[in-house]
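# Remarks on the overall topology
Given next are the chains, with one letter for each unit.
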Amino acid sequence: MPFLGKDWRSPGWSWTKTEHGWKRIIFYGHELEDSNREIHLKELCSDNKENLFVGDVCELATTKRKKDLYNNNTKSQFVFTDKWIYVQKGSTKERHGYCTLGEALNRLDFSSAIQDLRRFNYVAKLFQLIARSQLTSLSGAAQKNYFNILEKIVRKVLDDHYNPRLVKDLLHDLSSTLHSLTIHVGRCVLVGNVNIWLCRLETIHEWKHQLNNLQIPKQICSGMSFNDLPLHMQNKILCELSDAYDIINLGQATPTLHSLSENRILWKKLCHFHFSDKQFCRKLVLSKSESVDWKLMYFTLKKHYPVREQYGDTLHFCKHCSILFWKDRHLALLFKDCGHPCSANNPDSCLMPISPQHFIDLFKF
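Residues numbered from 1 in each chain as written. Predicted model: local features only at pLDDT ≥ 70, side-chain atom pairs only at ≥ 80, totals over all residues. Heavy atoms only, no water.

## A closer look at the overall build of the protein
A tally of regular secondary structure across the protein gives 16 helices and 10 strands. By the burial criterion, 40% of the 365 residues in the protein qualify as buried. Sequence-distant contacts in the protein: of pairs separated by 6 or more residues, those separated by 24 or more amount to 59%. Here the protein has roughly 21,800 Å² of accessible surface; of this, 52% comes from carbon and sulfur atoms. (Helix = DSSP H or I, 4+ residues; strand = E, 2+ residues; numbered from the N terminus. Buried < 20%, exposed > 50% of the residue type's maximum accessible area, 1.4 Å probe, protein only. Contact = heavy atoms within 4.5 Å. Areas by Shrake-Rupley, 256 points an atom, 1.4 Å probe, with all protein chains shown as cover.)

## Concerning the pattern of salt bridges
For the structure on display, the rule yields 9 salt bridges. E262 is paired through a salt bridge with K295; the nearest N and O atoms lie 2.9 Å apart. Taken together, the residues E262 in the loop between α11 (255–261) and α12 (264–274) and K295 in helix α14 (residues 294–304) connect sequence positions 33 residues apart. Classification of E262 as partly exposed rests on a relative accessible area of 37%. On the basis of relative accessibility, which here comes to 24%, the residue K295 falls in the partly exposed class. Note that D361 and K364 form a salt bridge whose closest N and O atoms lie 3.5 Å from each other. For D361, a relative accessible area of 32% translates into the label partly exposed. (Salt bridge = Lys/Arg side-chain N within 4 Å of Asp/Glu carboxyl O.)

## So, unusual backbone geometry
A positive phi angle is found at H161, which is not glycine, with a value near 60°. Within the secondary structure layout, H161 lies in the loop between α6 (140–160) and α7 (164–185).

## Some remarks on the nonpolar core
Counting 50 residues, the largest nonpolar core has F110, V123, Y146, L174, L324, F359 and F363 as the members making the most contacts within it. Other than its neighbours up to four places away in sequence, V123 contacts F110, A113, I114, I153 and W326. Of all hydrophobic cores here, the second largest spans 17 residues; its members include L238, L260, F280 and V292. (Core = buried A, V, L, I, M, F, W, Y, C linked by side-chain atoms within 4.5 Å.)

## Points about the sheet that holds strand β9 (residues 323–326)
Strand order in the open sheet made by the 4 strands is β7-β9-β8-β10, with antiparallel pairing throughout. Taken across any chain shown, the strands that pair with only one partner, and hence form the sheet edges, are β7 (84–86) and β10 (351–354). Ignoring which end each strand starts from, the neighbouring axes of this sheet average 25° apart. Taken together, the 4 bridges between strand β8 (residues 315–318) and β9 define a ladder with antiparallel strand orientation. Residue pairing for β9: H316 is matched across the bridge by F325. (Pairing = 2+ DSSP bridges. Axes fitted to C-alpha atoms, helices over the stretch in contact; angles between N-to-C directions.)

## Some points on the packing of α12 against α14
Remark: α12 packs on α14, axes separated minimally by 8 Å, with the N-to-C direction vectors making an angle of 25°. Considering the angle they form, α12 stands roughly parallel to α14. Crossing geometry of α12 relative to α14 is assigned as left-handed. Contact residues: R264, W267, K268, L270, C271, H272 and H274 in α12; W294, K295, M297, Y298 and F299 in α14. Here the contact of α12 with α14 is built from residues that sort into 7 nonpolar, 2 polar and 3 charged. (Parallel < 35°, antiparallel > 145°, perpendicular 65-115°, else oblique. Left-handed = near helix turned anticlockwise from the far one by under 90°. Nonpolar A, V, L, I, M, F, W, Y, C, P; charged D, E, K, R; others polar.)

## Brief notes about the packing of helix α10 (residues 244–251) against α14
One way to put it is that α10 packs onto α14 with a least axis distance of 12 Å and a crossing angle of 140°. Here α14 runs oblique to α10, going by the angle between their axes. For the pair α10 and α14, the sense of crossing is left-handed. Listed contacts from α14 to A244, Y245 and I248 of α10 are K295, Y298, F299 and K302. Classifying every residue of the contact of α10 with α14 by side-chain character gives 5 nonpolar, no polar and 2 charged.

## Details of the packing of aromatic side chains
This structure, assessed with the given rule, holds 15 aromatic pairs. Where Y122 meets Y311, the ring centres are 5.5 Å apart and the plane angle is 90°; that geometry is what we call edge-to-face. Of the two residues, Y122 is situated in helix α5 (residues 117–134) and Y311 in the loop between α14 and β8; the sequence distance between them amounts to 189 residues. Between F127 and Y146, the aromatic rings sit 4.6 Å apart at their centres with planes inclined by 10°, giving stacked as the arrangement. In this pair, F127 is assigned in helix α5 and Y146 in helix α6, connecting sequence segments 19 residues apart. Here the two residues F127 and Y146 agree in accessibility, since each one is buried. The structure contains a cluster of three or more aromatic residues connected by ring pairs, namely F110, Y122, F127, Y146, F147, W197, Y311, W326, F359 and F363. Its guanidinium or amino end placed over the ring of W197, R200 lies 4.7 Å from that ring's centre, counting from NZ or CZ. (Phe/Tyr/Trp six-rings, centres within 6.5 Å; stacked < 30°, edge-to-face > 60°. Lys NZ or Arg CZ within 6 Å of the ring centre and 35° of its normal.)

Purely geometric numbers; function is a separate question.
See the structure below:
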């Protein structure tokens, strides 16, 4: 029996009837995202194509195309572009198996997410956490997909000059992990030939060299610039920054901005944004005049406590459906779309944003 509507056993998948029973339809590629074009399953699996029915999905026949498909290779004709996945931590009567971190990395559309500036920092931070502790838990296909997306992240920074410091930290942690795995820990924990990993490590060093030599050209602006704004407006913009290093780097631009970046009130607001009053009492730092040195206080607290994470957009998790998905704000505002086929009466009340660390914790069994 096909599940064409909201059903507690299946979140609204599409099915087709074959000689061997009902088969679930999985759509691939960016061509199927255009709603004005109707591509039937027969066109994907006709005699003129190399596609064949294998198992429960419409699979590619040749080995190379199947690998490119599973590893989210942009050079392939078809790629996974799932907007949501079902997070299953155990087998039940209705569902068998479980979802792993590698499967989530393969199926969720991270390649498109890095093109969105609201999601770029989120994906980069997630990849940094994976590089620190979860790289060996990924399957071979997921590791290949990881490095494919990482290459796109580096290329975006080199082309658009967007947030190179975050990607430098990511590559530094990744190179440290790979160096430890290939030299100190041993080759038994790595999936695949060790020469492949040494080649990847060499590629990472080349990316680090390119980012260290990255020169951001000075933009020629004929209109009003940042320095033309009144001082109180410049100070207000600095107060909106939540990253201490962004404030320090901006203060190095001009003597006026340096004076504004050393403002005690600015660093006091930054401390209260990231840390609690209880943490202040434990690590109170006083200057020679017996007043609180808020800038030194911030970096002292940062050594002992994690800073508050802030992202433009994140993955969301539905507690009712156990589904992890990207939420499209435009569709949510225009069509009241919650981002996934939810069967709850009030889907918005079941949603919660997922931080990068929480994303990894979801797949710890």
